[in-house]
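# Working through the structure, step by step
In case you want the letters, here they are:
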Amino acid sequence: MPKTVQYRDGAVIYFQGENAADKIYLLQSGNVTLHYQDIETGEHISDPVQSGEFFGVKAALGRYPEEENAIVVRETTIMIFSVPEFEQLVGSNIRIIMKMLKIFSKQLRRVHRQTANIMEKEGYDPKNPEQGLFNVGEYYLKNKRFPQAQYIFGRYLTYYPSGVNAGKAASNLQIMRTESSTADSPAATEVPGVKRKSSIGQVVAEEAGSATAKAYYDAVSCISQGKFQDAFMTLKKILDDAADPEYMAKSSFEIGRCLFMMNKFDECIQHFTIMLTSYPKHPNLPDALFFIANSHELRGKKDMAEVFYTKILSMVPDGDNPVNKKAKKALTALGKT
Amino acid sequence: MATLIPDLSMFSRFARTFQPGEMIFSEFEPGDAFYLIQEGRVELVKVIGDVEKTLDILQPNEMFGEMAILENSPRSATAIALDTVLVLEFNRKNFDILISGNPQIALKLLKTFAKRLYDSKRKFMILTLEEPEARIADVFLMLEEGQTDIDRTTDRREFQATVDDIAHWAAMGVAEAREIITHFVAQRRMELFNDKIVVKNINDFSRFVSSRRRQLV
């Protein structure tokens, strides 16, 4: 059972640094002030406790030394809980916990902000998350931790497809993908089966080309039947095999379409953004932009969608062009015309 | 797990697995999910310039990513799977459902916050020291505070840490940290092994750090 204890003016409930804190206090009546020093400035801070407020919670829950001096200012009544008693009390009252959670979260933010301030002085800029994310990616790339770098550049392109570092992020991704595909499968550059039939270079190329073409059209056929996953796998293989630049470019566009059809909007945006950088003259560029815009819209990012729909109109000013019509219609639906 | 958080079976559809080294999220990403570790360990790091600083290594039953949910802000650290990690991934809406329906989880989160607040403050205290030597010494003091079941009747302390680890905690370059540690070794205040670092007199470090800290006030 929690104990009720009376304190006189000037009494110390606990001292800062007192070890193995295991009590939680609830101010019932009177006046208590918490005294401590700001970590950064050393400034003395006094926080009065409000009636009905708990104190000593963090130290007791975390089993840490007390963080402040708790001093009684006038005749005061305090209820003292053990940790299990406190847990029992708040366990049935989610409202108290949520309130404390928000206070703790705010305090944690404050420490993080102070930490960031110090780091900022040492060349760290938390105010620009876009540049920050890119820099973290560069760190992992520089240290040859490719999976981490790939993840970050991929996310960068998802969040900032037209960001200042988008081109660099896309080319970093391309380089890493090429490196990893050659490293993972030594036979990746060979087209299995067909290629081994002939030893004459020209014939090999043509045969490989026709095999690639066949695979590509099979994939397109799968798309028309709604078998997006199958199509995706085939197209991905065409890209990885890197046997025919023409079909690689074509496949790249179709992969983006598959991702869109499979509702993988983040990946769709990311994929098309890389495609734009790899194939700046791709014949399906406006359509790719349309998929990017549409993906943003479906993810609830209407501002981004508007940017891309507008970009399509500037790229394809011809009002009779289907993609121009689609973009105009989408903008109208967004209430932006 | 079951004793702490009894009714999670309804959340099994939120289970996700990450392979060792796989990134769960990166610092600066917009955050819309928080995680509850079921199996494996997760490392929280921050990249500052050329240095990757370890903030924490989280164990099963611990949560992370909740700050972005509570405060709608970008991720403040990067989370990487150390082992094969199994997590439950919740979005903002599920967070409210989870918390209001499970006081035990809310209480657990409250405890996590208490611990994390204390740890963050302690790590921040290291950074407030301007002198790099004092920072390094304070890292050892912090690690010492976290050691349990050790003989505190002597002044000698052993740490299962590498120079890289120490550099991470002190938020400085490995080269700089190595130089300072080598200097401590030359002064015979420390011994450096492949798998451990020995501080010969921890109280000497404690006096050194508190003398530097006092100048701040």
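See the structure shown above.
Everything numeric here is computed off the predicted structure, so don't read it as measured data.

On to helix H6 (residues 174-186) of chain B, then. Residue and element names in this part refer to chain B. Its 13 residues place the ends of H6 18 Å apart at the C-alpha level, agreeing with the 18 Å of an ideal helix rising 1.5 Å per residue. Among all positions of H6, only Ala-177, Ile-180, Ile-181 and Phe-184 are buried. Take H6 and look down its axis: the buried residues cluster within an arc of 95°, on one side only. Exposed and facing more than 90 degrees away from the buried side of H6 are Ala-175, Glu-179 and Ala-186. A positive backbone phi angle near 60° is found at Arg-188, which sits one or two residues after H6.

Below, the discussion takes up the nonpolar core. Core analysis: the biggest nonpolar cluster contains 43 residues, and Ile-24, Phe-54, Val-57, Leu-61 and Phe-86 of chain A together with Phe-90 and Leu-110 of chain B have the highest contact counts within it. Broken down by element, the residue count for this core peaks at 10 residues, all from helix H3 (residues 103-127) of chain B. Apart from the residues within four sequence positions on either side, Ile-24 of chain A is in contact with Phe-54, Phe-55, Gly-56, Val-57, Ala-60, Leu-61, Met-79, Ile-80, Phe-81 and Phe-86 of chain A. Core analysis: the next-biggest nonpolar cluster, separate from the first, contains 40 residues, Ala-149 of chain A together with Phe-28, Leu-58 and Ile-80 of chain B among them.

Here we come to empty space enclosed by the protein. For the structure on display, the rule yields 1 cavity of 30 Å³ or more. In this structure, the largest cavity occupies an estimated 40 Å³ of space. Lining the largest cavity we find Lys-58, Ala-59, Tyr-64, Pro-65 and Glu-67 of chain A together with Ala-114, Leu-117 and Tyr-118 of chain B. Contributing elements (two or more residues each) for the lining of the largest cavity: helix H1 (57-62) of chain A together with H3 of chain B. Within the lining of the largest cavity, the residues separate by chemical class into 6 nonpolar, no polar and 2 charged.

As a further point, take the interface of chain A and chain B. With 50 residues of chain A at the contact, the number on the chain B side is 52 residues. Around 4,900 Å² of area is buried between chain A and chain B when both sides are counted, 70% of it from carbon and sulfur atoms. Scanning the region where chain A abuts chain B turns up 4 salt bridges. Linking Lys-111 of chain B and Glu-87 of chain A is a salt bridge whose minimum nitrogen-to-oxygen distance equals 2.4 Å. Here chain A is connected to chain B by 10 residue pairs in polar contact (both at pLDDT 80 or more). Looking at the side of chain A that touches chain B, the elements that each hand over two or more residues are H1, helix H2 (83-91), helix H3 (94-121), helix H4 (129-142) and helix H5 (146-159) of chain A. Take the side of chain A that touches chain B: its biggest share by element is 17 residues, from H3 of chain A. In the side of chain A that touches chain B, the residues fall into 27 nonpolar, 12 polar and 11 charged.

Here we take up the packing of helix H11 (residues 285-298) of chain A against helix H12 (residues 302-315) of chain A. Residues and elements named next belong to chain A. The N-to-C vectors of H11 and H12 enclose an angle of 160°; their axes lie 7 Å apart at closest approach. By the angle class used here, H11 and H12 are roughly antiparallel. Seen along the crossing, H11 lies across H12 with a hand that is left-handed. Between H11 and H12, the contacting residues are Leu-285, Pro-286, Leu-289, Phe-290, Ile-292, Ala-293, Asn-294, His-296 and Glu-297 on the first element and Met-304, Ala-305, Phe-308, Tyr-309, Lys-311, Ile-312 and Met-315 on the second. Per-class residue counts for the contact of H11 with H12 are 12 nonpolar, 2 polar and 2 charged.

With that settled, consider the pattern of salt bridges. Residues and elements named next belong to chain A. Counting across every chain of the model gives 30 salt bridges over all chains. The closest approach of N and O atoms between Glu-254 and Arg-257, which form a salt bridge, is 2.9 Å. Residue Glu-254 and its partner Arg-257 are both found in helix H9 (residues 245-261); the two are separated by 3 residues, about one turn of the helix. Relative accessible area serves as the criterion here: at 9%, Glu-254 is assigned to the buried category.

Our focus in this paragraph is the sheet that holds strand S9 (residues 157-159) of chain B. Residues and elements named next belong to chain B. Read from one edge of the open sheet, 3 strands run S9-S11-S10, paired in antiparallel fashion. Each edge of the open sheet carries a strand with a single partner, namely S9 and strand S10 (190-192). Strand-to-strand, the axes of this sheet are offset by a mean angle of 15°, without reference to chain direction. Where S9 meets strand S11 (residues 197-199), 3 bridges bridge the pair, whose relative direction is antiparallel. Of the residues in S11, the one forming a bridge with Glu-158 is Val-198. Its contacts with the sheet put helix H4 (residues 132-146) on S9, S10 and S11, and the angle it makes with S9 is roughly 95°.

Summed over the entire model, instances satisfying the criterion amount to 28 aromatic pairs over all chains. Put simply, the rings of Phe-134, Phe-153, Tyr-156, Tyr-159 and Tyr-160 of chain A touch in pairs and so form one group of aromatic residues. Sitting above the plane of the Phe-25 of chain B ring, Arg-75 of chain B keeps its charged end 3.9 Å from the centroid. When the ring centre of Phe-193 of chain B is taken as reference, the NZ or CZ atom of Lys-196 of chain B above it lies at 5.1 Å.

About the cut-offs
Residues numbered from 1 in each chain as written. Chains lettered and ligands numbered in written order. Predicted model: local features only at pLDDT ≥ 70, side-chain atom pairs only at ≥ 80, totals over all residues. Heavy atoms only, no water. Helix = DSSP H or I, 4+ residues; strand = E, 2+ residues; numbered from the N terminus. Expected span 1.5 Å × (residues − 1). Buried < 20%, exposed > 50% of the residue type's maximum accessible area, 1.4 Å probe, protein only. Arc of directions from axis to C-beta. Core = buried A, V, L, I, M, F, W, Y, C linked by side-chain atoms within 4.5 Å. Contact = heavy atoms within 4.5 Å. 1 Å grid on protein atoms, 1.4 Å probe; cavity = no way out; pocket = protein on both sides within 12 Å on 5 of 7 lines; lining within 4 Å. Points joined across faces, edges and corners; volume = space filled by probe spheres on them. Nonpolar A, V, L, I, M, F, W, Y, C, P; charged D, E, K, R; others polar. Buried area = accessible area lost by both parts, 1.4 Å probe. Salt bridge = Lys/Arg side-chain N within 4 Å of Asp/Glu carboxyl O. Polar contact = N/O pair within 3.5 Å; in protein donor to acceptor, adjacent residues only side chain to side chain. Axes fitted to C-alpha atoms, helices over the stretch in contact; angles between N-to-C directions. Parallel < 35°, antiparallel > 145°, perpendicular 65-115°, else oblique. Left-handed = near helix turned anticlockwise from the far one by under 90°. Pairing = 2+ DSSP bridges. Phe/Tyr/Trp six-rings, centres within 6.5 Å; stacked < 30°, edge-to-face > 60°. Lys NZ or Arg CZ within 6 Å of the ring centre and 35° of its normal.

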